[in-house]
Amino acid sequence: VIGNSGKLAFQAMLAGTSGGTTDDAGIYRGSDLALTTIVRKGEFAPDGNGTFDSFGAPLINKAGQVAFQATLTGTNGGTADDEGIFLVHDTFGLLQMARKGAPLAGSTISSITFATGSLGVSFASDESNGFNDTGRIAYTFVLTNTVQGVAIVTPPTPAAIDSAKCLLVTLGAANELLDVNEVGKRMNDLPLHPRLSRLLLAANENDCHWQASIAAA
């Protein structure tokens, strides 16, 4: 697909790779001057939960940002969290924007896909594929409680990214280089805000569940 910026994004199958069928696909972005690898099959998801297995057709906006849907393998939840929508941001790198198995509206996402004009929803010209020129993504969802709808997510600001990094380090979920440790992985298994998931882990470690429940409330 060619964006309004003149850059293009495409999915490709590869031959003769070192990993055989485990790394034989990827998404790429190109311009007049260079071809850049966006993501490769076999790479870890941004949160470390699973590796990329297959990709949908990528989308590219005027800013040259690339969004795509992908399935993953080796996830903690199996088929319950094996699909997501991702965004490649020139400042922040690969971001997970939506994921099966993630909490939403008091339930859990069981199905997601890009929202498009074919859904009967009115979109501006740069939003007809569910991805606009500011990086916002619109996606349709089905929850485990059967509720369906359309959600819109916006890429985080630099200040929000810095705040999130600081929080993970403070909670002991990652080091200063943002390498996620065992505590962080266990926190990620809980569909809660990081502060609450760390609180529950600490309560279990110190046998103070009712005190933690009061604190969380």
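Numbers given to residues run from 1 along each chain, matching the order in which its sequence is written. Local features in this predicted model are restricted to residues of pLDDT 70 or higher, and side-chain atom pairs are both shown and tallied only at a pLDDT of 80 or more, whereas totals for entire chains, interfaces and linings draw on every residue. Where side-chain values are given, they derive from all heavy atoms of the structure, hydrogens and water being excluded.

Undergrad: Describe the pairing of strand β2 (residues 25–30), and please don't skip the residues or the numbers.
TA: Here is the key point about a regular strand: its side chains alternate between the two faces of the sheet. Categorising residues by exposure relies on relative accessible area from a 1.4 Å probe, with only protein chains included: less than 20% of the type maximum marks a residue as buried, more than 50% marks it as exposed, and the intermediate range marks it as partly exposed. Segments assigned H or I by DSSP are reported as helices when at least four residues long, segments assigned E as strands when at least two residues long, and all are numbered from the N terminus. Taking burial as the measure, the six residues of β2 include six buried ones, the bulk of the element. Where burial is concerned, the two faces of β2 agree: the one with A25, I27 and R29 and the one with G26, Y28 and G30 are both buried. With six bridges connecting them, strand β1 (residues 8–13) and β2 associate as antiparallel partners. Counterpart to L8 in the pairing with β2 is G30. A pair of strands is treated as paired once DSSP finds two or more bridges between them.

Undergrad: I'd love a proper account of the sheet that holds strand β9 (residues 103–104), names of residues and values included.
TA: The strands making up a sheet associate through hydrogen bonds between their backbones, and the pairing can be parallel or antiparallel. Taken together, four strands build an open sheet; the order of strands is β9-β10-β11-β12 and the sheet is antiparallel. For this open sheet the edge positions go to β9 and β12 (148–153), each flanked by a neighbour on one side alone. Two elements, strand β10 (residues 107–114) and strand β11 (residues 137–143), share five bridges in a ladder whose sense is antiparallel. Residue T113 lies in a different strand from β11, and its bridge partner there is T140.

Undergrad: Hey, could you go over the sheet that holds strand β3 (residues 35–40) for me, with residue numbers and the actual values?
TA: Strand order in the open sheet formed by three strands is β1-β2-β3, and the pairing between neighbours is antiparallel. With partners counted over all chains shown, the strands left at the sheet margins are β1 and β3, one partner each. The average undirected angle you get between the axes of adjacent strands in this sheet is 30°. In this structure, β2 lies alongside β3, joined through five bridges in antiparallel fashion. Residue pairing in the sheet places I27 in a bridge with V39 of β3. Axis definition: a line fit to C-alpha positions, over the contact stretch in the case of helices; interaxial angles, taken between N-to-C directions, run 0 to 180 degrees.

Undergrad: How would you explain the packing of aromatic side chains if you had to name every residue and give the values?
TA: Whether two aromatic rings pair depends on their centres lying within 6.5 Å, for rings of Phe, Tyr and Trp, where Trp uses its six-membered ring; planes under 30 degrees apart make the pair stacked, over 60 edge-to-face, and the rest tilted. For the structure on display, the rule yields seven aromatic pairs. Ring centres of F52 and F55 lie 5.8 Å apart, and the angle between their planes is 35°; this geometry places the pair in the tilted category. Residue classification places F52 among the buried positions, given a relative accessible area of 1%. Looking at F55, the relative accessible area reads 9%, which means it is buried. The interplanar angle of 55° and the centroid separation of 6.0 Å between the aromatic rings of F52 and F68 together place this pair among those described as tilted. One end of the pair, F52, is in strand β4 (residues 51–55); the other, F68, is in strand β6 (residues 66–73), and 16 residues separate them in sequence. Accessibility classification places F52 together with F68 in one group, the buried group.

Undergrad: So what about the layout of surface pockets? Which residues, and what values?
TA: Grid spacing is 1 Å over the protein atoms alone, the probe is 1.4 Å, and a cavity is where that probe fits but cannot get out, while a pocket is an open set with protein on both sides within 12 Å along at least five of seven lines and lining residues have an atom within 4 Å of a point. Grid points are joined across faces, edges and corners, and a volume is the space filled by probe spheres set on the points. Volume-wise, the largest pocket comes out at about 1900 Å³. Forming the walls of the largest pocket are 46 residues, and the residues nearest its centre are P46, D47, Q96, L168 and N188. Put simply, the parts of the chain that give the lining of the largest pocket at least two residues each are β8 (93–99), α1 (158–170), α2 (182–188) and α3 (194–206).

Undergrad: Requested: an account of the nonpolar core, with residues and values cited.
TA: Judged by nonpolar contacts, the single largest core of 17 residues is most densely connected at I85, I112, I137 and Y139. Secondary-structure elements contributing two or more residues to this core are β7 (83–89), β8, β10, β11 and β12. Residue contributions to this core peak at four residues, all from β11. I85 has contacts with F68, Q69, L95, Q96, M97, A98, I112, T113, F114, I137 and Y139, leaving out every residue within four places of it along the chain. Take the buried residues of types Ala, Val, Leu, Ile, Met, Phe, Trp, Tyr and Cys, join any two whose side-chain atoms come within 4.5 Å, and each joined set is a nonpolar core. Judged by nonpolar contacts, the second largest core, of 15 residues, contains I38, A45, V66 and A70. The contact rule is simple, with two residues in contact once any of their heavy atoms fall within 4.5 Å.

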